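# Residue-level structural notes
Each chain is listed here by its residues.
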Amino acid sequence: MRERSISGSLFDAGNLIFMLAILTLMLFPFVYIVSYSLSNPSMLKGGLVLFPAGFTLDSYKKALGDSAVLTGAGISIARSIIGPAVMLFFTSMAAYALTRNDLGGVRFFRKYFVFTLYFTSGIIPMYLLMGYLQLKGTFLIYILPSAVSVFNMVLIKTYMEGLPKEMEEAAVVDGANDMRVFFQVIFPVCKPVFAAVVLFECVNQWNAFIDTQIYNTMSPHLYSLQYVLYNTLNQFNSLEQLKEQGQKQLTAITPQTFKMAITVITILPIAFVYPFLQRYFIKGLLVGSIKG
Amino acid sequence: MIKAGVHPVKRVKSRNLVRNRYLYAMLLPAVLLVFVFWYVPLTGWLIAFVQYRPGIPLLSAKWTGLQQFIGFFTDTDDYVHLIRNTLAINISSLIANMTTAFLFAILLNEIRWRYFSKLIQTVTFFPFFVSWIIIYSLSSAMFATSAGAINETLIQWGVIAEGVNLLGDPRYSWMFMIALGVWKYAGYNSVIFISAISAISSEYYEAAQIDGANRFQRILYITIPGLMPTAIVLLILNSGWILNSNFEQFYLFTNATNWQRMEVLDIYIYKYGLQLLNYPYATAVGIMKTFISLIILMVVNQISKKATGKAIF
């Protein structure tokens, strides 16, 4: 059905070139750091690096042998698994209760939660609260404040309201109580929306950096990988260490390749879950936008 | 029949409590967590009104009233650059992000080759999931004055004599921050527009084609008007954030040479609160920021309701 005109073809060609330019703009920084981190620094001539110059894994060996990087990876993995699990547990239970119009006070509770979306108390009251609760310098500070996500609660509730009511009613007739209805009937069929919110929370936890900076700077054993990367980018002590050890072992690493190797290590998990993220997240995003 | 002495409402209430005990049990943990981590810290706003000393209960501390709030405008000139930077960067970012996502979605829709358009969507969506530290790391790899890939290349090619200091020179700060935001969020923002385009009924396009409308006319008279409601809702939703900056972005990219063009309210609150330990002042600035944000959201919502019939509440 499409008509062929000169202006149309020109537009197609221009559009294609534009899209290729966008692709380059989005991809090049990643290609550059991966290639650079795999290069032998003595063979790099500067400028744009598309392919590794003199392939070597030395900077990765160095990074993965670094105790700070390993501790950071452990903390980041732990919070990216525990955080979403805890969030899903508390948030989905509450979301289910909020779908039940027969629950006394449900309108109040809906407002009670949604109210929190419009403003927050700010950084200082939160900081003082964490002090009172003795959560500073603990792992729990990564988990508890995000144990309930109201945004996700709204997404989950919207999804549950779209489910056929007959499922619930059948279970109630069979004599199941509300908790069993939720865990055995509702929970299994909510997989798509749960996948979306869990993956999103995973990424949030993996990418989180400022909570370490605010609450846990005094506890190096709780530094997340993002924070280790931040320190590596900003501090030069690791640079000096590298120089010393570099002279001893004559390995081909510069601070630059080392930084880029850690950057790549920090991106990799996101890249691995990205296919799932894209599939489930777009669905979740659209559920949210319909409601919004 | 209701027995004397038993109030009907009370009876309904207690029956509800018993019947729905499992539901309440499921709701309670979330209610408590939100109470502790959201409602309790709101009481911390009192700090802004008193002479705060650690260890002394807030209510018995000396009352200072609005002194901190007024001080923000009278004691220093900080508010000038803070409000200027915050508004300039955030409003430009909002416009830039919306426009690029809008145009990008329309142009992507014109790509006939499905696999190619899927590939572009996949690639452009990825930066949304990348942390600001990674972006900071990528930025220094790309744009550092002497060792950055772009500067090195431009110098090698003889285009410039010495590197452009994008990360440190305040002249480029605003533009650079807006560009980074577009890079990170264009793919994400376009997702909603792309789905809005696919929701436009194909009958419109067919009818237009029969009437002899060419491609540009179809974009201009069908696609763009079809996207407007979505654009307006997104604009309202985002207008409440005009005083809120992306904390991590500004925390990482603000430095000693560019701070005059980079310092935004959120960073200022952090600096005064957690680095200079002036809790009352930082809290006061934070409260003002929160309330003005809410007012902006309500005003934009009302204007939009009157002008277009679209509103979020």
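Residues numbered from 1 in each chain as written. Chains lettered and ligands numbered in written order. Predicted model: local features only at pLDDT ≥ 70, side-chain atom pairs only at ≥ 80, totals over all residues. Heavy atoms only, no water.

### Comments concerning the packing of helix α8 (residues 170–199) of chain B against helix α10 (residues 215–239) of chain B
Residues and elements named next belong to chain B. What counts is decided by this rule: Every axis in this analysis is a line fitted to C-alpha atoms, fitted for helices over the stretch in contact. Angles between the N-to-C directions lie between 0 and 180 degrees. A run of H or I in DSSP becomes a helix once it reaches four residues, and a run of E becomes a strand once it reaches two; helices and strands are each numbered from the N terminus. When describing relative orientation, an angle under 35 degrees is termed roughly parallel and one over 145 degrees roughly antiparallel, while 65 to 115 degrees is termed roughly perpendicular and anything else oblique. In this scheme the handedness of a crossing depends on how the near helix is turned from the far one: anticlockwise by less than a right angle means left-handed, clockwise means right-handed. Contacts: residue pairs with any heavy atoms within 4.5 Å of one another. Side-chain classes are defined by residue name, with Ala, Val, Leu, Ile, Met, Phe, Trp, Tyr, Cys and Pro counting as nonpolar, Asp, Glu, Lys and Arg as charged, and the others, Gly among them, as polar.
Packing of α8 against α10 leaves a shortest axis separation of 9 Å and a crossing angle of 140 degrees. For the element pair α8 / α10, the angle class is oblique. Pair α8 / α10 crosses with right-handed handedness. Contacts between α8 and α10 involve I192, F193, A196 and I197 from the first element and T223, L227, T230, A231 and L234 from the second. Within the contact of α8 with α10, the residues separate by chemical class into 7 nonpolar, 2 polar and no charged.

### Here's the deal with the domain arrangement of chain A
How large an interface is tends to be reported as the accessible area lost when its parts come together. All names here are of chain A. Quick reminder of the rule: These domain boundaries are the output of an automatic or database domain assignment. Put simply, a salt bridge is a Lys or Arg side-chain nitrogen that is within 4 Å of an Asp or Glu carboxyl oxygen. Counted as a polar contact is a pair of N or O atoms within 3.5 Å, where, for protein atoms, one must be capable of donating a hydrogen and the other of accepting one, and residues adjacent in sequence contribute only when both atoms are in side chains.
According to the domain assignment, chain A consists of domain 1 (1–56) and domain 2 (57–291). Domain 1 puts 12 residues into the contact, and the matching count from domain 2 is 14 residues. Where domain 1 touches domain 2, the interface holds 0 salt bridges. The interface formed by domain 1 and domain 2 holds 3 residue pairs in polar contact (both at pLDDT 80 or more) in total. Residue composition of the side of domain 1 that touches domain 2, grouped by class: 8 nonpolar, 4 polar and no charged.

### Thoughts on the UniProt feature "domain: ABC transmembrane type-1" (unreviewed entry) in chain B
The test is simple: UniProt positions are given in the numbering used here, feature names are shortened, and annotations may be inferred rather than shown by experiment.
Following the UniProt record, one finds the feature "domain: ABC transmembrane type-1" (unreviewed entry) at residues 83–300 of chain B. Along residues 83–300 of chain B one finds 77% helix and 0% strand; the C-alpha atoms at either end are 19 Å apart.

### Comments concerning the domain arrangement of chain B
Residues and elements named next belong to chain B. Using the following cut-off: Two parts lose some accessible area (1.4 Å probe) when they are put together, and adding that loss for both gives the buried area.
What the domain assignment lists for chain B is domain 1 (8–60) and domain 2 (68–308). Here the C-alpha centre of domain 2 lies 36 Å away from the C-alpha centre of domain 1. If you look at the interface, domain 1 gives 7 residues, while domain 2 gives 9 residues. The largest per-residue losses of area from domain 1 upon contact with domain 2 belong to W45, A48 and Y52, which jointly make up 70% of the total buried on that side. Counting the contacts that link domain 1 with domain 2 gives 0 salt bridges. One can count 0 residue pairs in polar contact (both at pLDDT 80 or more) joining domain 1 with domain 2. By residue class, the composition of the side of domain 1 that touches domain 2 is 6 nonpolar, 1 polar and no charged.

### Re the interface of chain A and chain B
In this assembly, 92 residues from chain A lie in contact with 87 residues from chain B. Of the roughly 8,300 Å² buried between chain A and chain B on both sides combined, carbon and sulfur atoms contribute 77%. The partner of R215 of chain B in a salt bridge is D12 of chain A, with the nearest N and O atoms 2.7 Å apart. Linking chain A to chain B there are 21 residue pairs in polar contact (both at pLDDT 80 or more). A per-class count over the side of chain A that touches chain B returns 66 nonpolar, 19 polar and 7 charged.

### Thoughts on the packing of aromatic side chains
Going by this rule: For Phe, Tyr and Trp, rings pair up if their centres lie within 6.5 Å, where Trp contributes its six-membered ring, and each pair is then called stacked (planes under 30 degrees apart), edge-to-face (over 60) or tilted (otherwise). Remark: exposure states derive from per-residue accessible area (1.4 Å probe, protein chains only) relative to the maximum for the residue type, with buried under 20%, exposed over 50%, and partly exposed in between.
Applying the stated criterion across every chain, the model contains 56 aromatic pairs over all chains. When the centroid spacing of 6.0 Å and the interplanar angle of 65 degrees are considered together, the rings of Y274 of chain A and F129 of chain B count as edge-to-face. Here the residue Y274 of chain A occupies a position in helix α13 (residues 255–291), and F129 of chain B occupies one in the loop between α5 (114–125) and α6 (132–143), the pair thus bridging two chains. A relative accessible area of 7% means that Y274 of chain A is categorised as buried. On the accessibility criterion, F129 of chain B (0% relative accessible area) is buried. When the centroid spacing of 5.8 Å and the interplanar angle of 10 degrees are considered together, the rings of F49 of chain B and W63 of chain B count as stacked. With F49 of chain B in the loop between α2 (21–42) and α3 (67–74) and W63 of chain B in the loop between α2 and α3, the pair connects residues that are 14 residues apart, well separated along the chain. According to the relative accessible area criterion, F49 of chain B is partly exposed, its value standing at 21%. A relative accessible area of 58% places W63 of chain B in the exposed class.

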